[in-house]
Amino acid sequence: MAALVNGRLDKINDAYHYGGAKNSDAVVGSFLGLPKNERGGYFDRYIALRINASKDVINAIGGLEVPVTETLNYDDTWGHLHIHFKPGIQHMDGDQAVSYARFRHDACSDPCRIKRQQQIEHLTMEKLKNDKFNDLTHIAQLIDVIRRNVDTNLTGDEMKSLGWAFRDLNIVDVHSTQIPFTSDRITSCCGDVLMPDDAGRVKIVTEFIGPYRASTPAPSLDALAAVKPAEVRVDVRNGSGIPGLGAKVADVLRRDGYVINSVGNANSFDYDTTQIRATSKTPLAGERVRSDIHLAQATVTPIPDPTAAATSATPGKIAPALADVTIVLGRDYVNVPDPAAPGASTK
């Protein structure tokens, strides 16, 4: 993607090459049209991965099973790129996966390469999440990869906090997109570059940062009261591993008038914190549910796509159902009293 780097049109990724994190902050922040912070920059923190990071991470987790959809053949000895893949599930080590993600010599060139890069990123996250690499060998390998390949201004405590906050991340909540482009252009400085669609860029940035601005006020009690439980369909998924917790929450919500679509288990039982995933169909529905289950620390994640809110129930028991709100219960809900129980406080 083209951007102004050092006063000239260049590939946006060259910003780091010419001036490190500080120059990347200026170029990327300006390109996206973000507001500057009090320090005169655009971003508070940065994480830069060195060229071998992806290869080393994939090798550390034992490679990836990648569904290849077309025959890919290409050799570039100068660029150290050798690709020979056939359609079907292919096991790839780090070198092969990175080469696959770099391939651009097909019908749609750069846009298809971006899709392959996103595919490899998602497959890596899925394997890290599902295989739970918690034995000493894998942990040591992954820590070594980070030490060798990551440049960041995050402190050690901040990295620990981020790791703790994202330990229950569900892959369905990870969304990828591309800045749209209008054309490509051959430049004297850097070969073929994509020319961004400015209107499309503004739309994507607005959708991404809009709900998360710190200046967004908390919903008022009157606004929450205006949400009618009888018009909100809820899926309850027990991710705590504690039997009966999903049924308990479903009963609480039924008494408040909510429509319970289904009750079942989440994709795993290692959720410590409760997550509430709400579609944009009913504004503030997620916040109203959080209020009615009396768990202020539960996170509410807005999901624009109404088909993306549902979380799979236990195979063979309950099929995923379309809902306005999906609750994934964590172990933090255990000590929440039942408002209907004798002596329980609803304050």
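Preceding this section is the structure that the text describes.
**Remarks on the overall build of the protein**
Broken down by element type, the protein carries ten helices and 15 strands. Relative to its 347 residues, the protein shows a buried fraction of 36%. By sequence separation, contacts in the protein at least 24 residues apart represent 67% of the contacts at least 6 residues apart.

**Quick word on the environment of Pro 180**
For Pro 180, the position within the fold is in the loop between α6 (156–165) and β9 (181–187). Taking relative accessible area as the criterion, Pro 180 reaches 27% and is therefore assigned partly exposed. For the pair formed by Pro 180 and Arg 201, sequence separation is 21 residues and the distance between their alpha carbons is 6.7 Å.

**Details of the pairing of strand β15 (residues 325–329)**
Sheet faces and side chains relate simply in a regular strand, where the side chains alternate between the two faces. The buried fraction of β15 is high, at five of five residues. On β15, burial covers both faces: Val 325, Ile 327 and Leu 329 on one face and Thr 326 and Val 328 on the other are all buried. Inspection of the sheet shows strand β11 (residues 233–238) paired to β15 by five bridges, in the parallel sense. Each residue of the ladder has a partner; that of Val 234, found in β15, is Val 325. Relative to β15, strand β13 (residues 275–279) runs antiparallel, the two being bridged by four bridges. Considered in β15, the bridge of Ala 278 is made with Val 325.

**Examining unusual backbone geometry**
Phi angles above zero are rare outside glycine, and Leu 284 is one such case at about 70 degrees. Here Leu 284 lies in the loop between β13 and α10 (285–292). Look at His 294: it is not a glycine, yet its phi comes out positive at around 60 degrees. Secondary-structure assignment places His 294 in the loop between α10 and β14 (299–303). Classification of His 294 as partly exposed rests on a relative accessible area of 34%.

**A closer look at the nonpolar core**
Within the largest apolar cluster, 23 residues are counted, with the highest numbers of intra-cluster contacts made by Val 234, Leu 253, Ile 293, Val 325, Ile 327 and Tyr 333. Counting only elements with at least two residues in this core, the list comes to β11, α9 (245–255), β13, α10 and β15. The element that contributes the greatest number of residues to this core is α9, accounting for five residues. Once residues within four sequence positions are removed from consideration, Leu 253 is found in contact with Val 234, Tyr 258, Ile 260, Val 289, Asp 292, Ile 293 and Ile 327. If you look at the next biggest cluster of nonpolar residues, it comprises 19 residues, including Ala 60, Leu 81, Ala 97 and Leu 142.

**Here we look at the pattern of salt bridges**
On inspection of all chains with the given rule, the structure shows eight salt bridges. A salt bridge links Asp 324 to Arg 233; its shortest N-O distance comes to 3.5 Å. Of this pair, Asp 324 sits in the loop between β14 and β15 while Arg 233 is found in strand β11, placing the two residues 91 residues apart along the sequence. Relative accessible area serves as the criterion here: at 2%, Asp 324 is assigned to the buried category. Overlapping salt bridges bring together Asp 56, Asp 144 and Arg 148 as one network.

Scoring rules and cut-offs
- Residues numbered from 1 in each chain as written.
- Predicted model: local features only at pLDDT ≥ 70, side-chain atom pairs only at ≥ 80, totals over all residues.
- Heavy atoms only, no water.
- Helix = DSSP H or I, 4+ residues; strand = E, 2+ residues; numbered from the N terminus.
- Buried < 20%, exposed > 50% of the residue type's maximum accessible area, 1.4 Å probe, protein only.
- Contact = heavy atoms within 4.5 Å.
- Pairing = 2+ DSSP bridges.
- Core = buried A, V, L, I, M, F, W, Y, C linked by side-chain atoms within 4.5 Å.
- Salt bridge = Lys/Arg side-chain N within 4 Å of Asp/Glu carboxyl O.

Just geometry here; none of it tells us what the structure is for.
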